[in-house]
Amino acid sequence: MSEEPSVIDDLRDESEELDRLVAGLEEERWALATPAPRWTVAHQIAHLAWTDHSALLAVEDSDAFAGLVEKALAAPDTFVDEGAEAGAARPPAELLAEWRDGRARLQKALREAAGSRAKFPWYGPPMSAASMATGRLMETWAHAQDVADALGVTRTPTDRLRHIARIGVRALPFAFGAHGLPVPDAEFRIELTLPSGAPWTYGPEDAAQRVTGSALDFCLLVTQRAHRADLGVRAEGPDADRWLDIAQAFAGPPGKGRPAKGGTR
C-alpha cells in the first residue's frame, strides 16, 4: 500500500516536468515533428490527454471504458492515431488545459482508490491503482522524450526511472509472446544503475541470463525510444541477448522502434 502514494506522486512530478517543456512554447512549435512518424509535439500531448481520459474511465466507469475497448478492437491499427489526431487539431492552449485537467482528475481518482485492492480494466490485464499510475508514468516519460528530442532538449534523468525499469522487466514474457517466441524458462538477473548512483536489481544473483547497464539506457530501450545499438545495455546469455532485441514496456503489438544512429553496442 505504501508504494501507491509514492508512484502517484512520481507520476505527478513526471507530468509536471513535461508540462514545463511545453507550457511556454510558441504556437508554431507545437507543430514540430517528433521522432514518432507523423506525430508532432501536439500529437504527443494529445495522446497523453487521451490515454489519461481512458484511464480515468477505467477507474470510474468500467462500462464506458468497455466501449473504448470495443472501438479499439474494431480499428486496432488506427485507434490510437485517431485519438491523437483529434486532439492535435485543437488550439494548443485548449489542448494543454485539457491535459492538465484530465491528469489532475486521474491522479485524484487513483489516490482515492489506493489501498483498496481494486483492479481496473485496461487494454491488457486489469490493473491496480499503483499499476495504473506506473503505466501512466512510463508513457508520460516516453512521450516526453519524444517532445524533448523535437525541441532539442536534454532532460535530466531521475530515479523515477525505477518504475519504468520494473514495467520493462515484468513485461518480459509479453515481449516474447508478442513476437511469437516461447518465453524462456531461465531466470534473469537485471542490474541497473539509477541516475543517483543507487543500484536497481531484479532476479537471483546467480542467474545465467543477465542484463546490466544504466537505468536510463534500459528505459530508453524498453520504451523503444532508442535503438539497442546506441545504448550501453549489455546482455549475458542467449535468452537475455534475444530479449534486448525485442523488449517493450507497453501493451499492444511490437513497435518498429527507432533506427540506429551508430552507437556503442
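Residues numbered from 1 in each chain as written. Predicted model: local features only at pLDDT ≥ 70, side-chain atom pairs only at ≥ 80, totals over all residues. Heavy atoms only, no water.

(A) Spotlight on the overall build of the protein chain. The helix and strand inventory of the protein chain stands at ten helices and four strands. Here the protein chain has a C-alpha radius of gyration of 18 Å; the compact-globule value for 265 residues is 18 Å, and the two agree. Counting only C-alpha atoms and orienting by the principal axes, one finds that the protein chain spans roughly 50 × 45 × 40 Å. Every one of the 265 residues in the protein chain was classed for burial, and the buried ones make up 48%. Of all intrachain contacts in the protein chain linking residues separated by at least 6 positions in sequence, the fraction that spans at least 24 positions is 68%. Counting only carbon and sulfur atoms, one obtains 52% of the accessible surface of the protein chain, whose full area is about 12,900 Å². (Helix = DSSP H or I, 4+ residues; strand = E, 2+ residues; numbered from the N terminus. Rg over C-alpha atoms; globule rule 2.2 N^0.38 Å. Buried < 20%, exposed > 50% of the residue type's maximum accessible area, 1.4 Å probe, protein only. Contact = heavy atoms within 4.5 Å. Areas by Shrake-Rupley, 256 points an atom, 1.4 Å probe, with all protein chains shown as cover.)

(B) Quick look at the nonpolar core. Counting 57 residues, the largest nonpolar core has L110, M132, I164, I190, V211, F218 and W243 as the members making the most contacts within it. When residues of this core are assigned to their parent elements, the largest contribution, eight residues, is made by helix 6 (residues 129–151). Leaving out residues up to four positions away in the same chain, F218 has contacts with A165, G168, V169, L192, V211, V233 and W243. In this structure, L25, A42, A46 and L96 belong to the second largest nonpolar core, which totals 19 residues. (Core = buried A, V, L, I, M, F, W, Y, C linked by side-chain atoms within 4.5 Å.)

(C) Looking closely at helix 4 (residues 79–88). What helix 4 keeps buried is the set F79, G83, A84, G87 and A88. The arc that holds the buried residues of helix 4, viewed along the axis, is 165°, so those residues lie on one side. Along its buried surface, helix 4 packs onto helix 2 (41–60), helix 3 (62–74) and helix 5 (92–113). (Arc of directions from axis to C-beta.)

(D) Representation of the sheet that holds strand 2 (residues 199–202). Reading across from one edge, 2-1-3-4 is the order of the four strands in this open sheet, with mixed pairing throughout. Only two strands of the sheet have a single partner each, and these edge strands are strand 2 and strand 4 (234–236). Taking the axes of each pair of neighbouring strands and ignoring which way they run, one obtains an average angle of 10° across the sheet. In the sheet, strand 1 (residues 188–193) pairs with strand 3 (residues 209–214) via six bridges, with the strands oriented parallel. Bridge pairing in strand 3 places T193 opposite S214. Lying on the sheet, helix 7 (residues 161–170) is in contact with strand 1 and strand 2; it crosses strand 2 at an angle near 20°. The strands touched by helix 10 (residues 238–246) within the sheet are strand 1, strand 3 and strand 4, with strand 3 carrying the most contacts at an inclination of about 50°. (Pairing = 2+ DSSP bridges. Axes fitted to C-alpha atoms, helices over the stretch in contact; angles between N-to-C directions.)

(E) Representation of the layout of surface pockets. Each pocket or cavity is described by its volume, and for the second largest pocket that value is around 460 Å³. The wall of the second largest pocket is formed by 26 residues, among which Q145, D149, L220, R225 and A226 lie closest to the centre. Residue assignment for the lining of the second largest pocket shows that the elements contributing at least two residues are helix 1 (3–22), helix 6, helix 7 and helix 9 (215–222). Tallying contributions element by element places helix 6 first for the lining of the second largest pocket, with four residues. For the lining of the second largest pocket, the per-class residue count stands at twelve nonpolar, five polar and nine charged. (1 Å grid on protein atoms, 1.4 Å probe; cavity = no way out; pocket = protein on both sides within 12 Å on 5 of 7 lines; lining within 4 Å. Points joined across faces, edges and corners; volume = space filled by probe spheres on them. Nonpolar A, V, L, I, M, F, W, Y, C, P; charged D, E, K, R; others polar.)

(F) Summary view of the packing of helix 2 against helix 4. For the pair helix 2 and helix 4, the least separation of the axes is 8 Å and the interaxial angle reads 110°. As judged from the angle between their axes, helix 2 and helix 4 are roughly perpendicular. Seen along the crossing, helix 2 lies across helix 4 with a hand that is right-handed. Where helix 2 abuts helix 4, its residues A42, H43, A46, H47 and W50 lie against F79, V80, G83, A84, E85, G87 and A88. Residue classes in the contact of helix 2 with helix 4 are distributed as seven nonpolar, four polar and one charged. (Parallel < 35°, antiparallel > 145°, perpendicular 65-115°, else oblique. Left-handed = near helix turned anticlockwise from the far one by under 90°.)

(G) Fine view of the pairing of strand 3. Here three bridges tie strand 3 to strand 4, and the two strands are oriented antiparallel to one another. Residue pairing in the sheet places R210 in a bridge with E236 of strand 4.

(H) Expanded view of the packing of helix 6 against helix 7. Contact geometry of helix 6 with helix 7 gives a least axis separation of 9 Å together with a crossing angle of 105°. The angle between the axes of helix 6 and helix 7 places the two elements in the roughly perpendicular class. Contacts between helix 6 and helix 7 involve T134, G135, L137, M138 and W141 on the former and, on the latter, L161, H163, I164 and I167. When its residues are assigned to classes, the contact of helix 6 with helix 7 shows six nonpolar, three polar and no charged.

(I) Fine view of empty space enclosed by the protein. Scanning all chains against the criterion turns up one cavity of 30 Å³ or more. Looking at the largest cavity, the residues that line it are L11, S15, L48, D52, W99, R103, L106, Q107, R136 and T140. Elements represented by at least two residues in the lining of the largest cavity include exactly helix 1, helix 2, helix 5 and helix 6. The greatest single-element share of the lining of the largest cavity, amounting to four residues, is contributed by helix 5.

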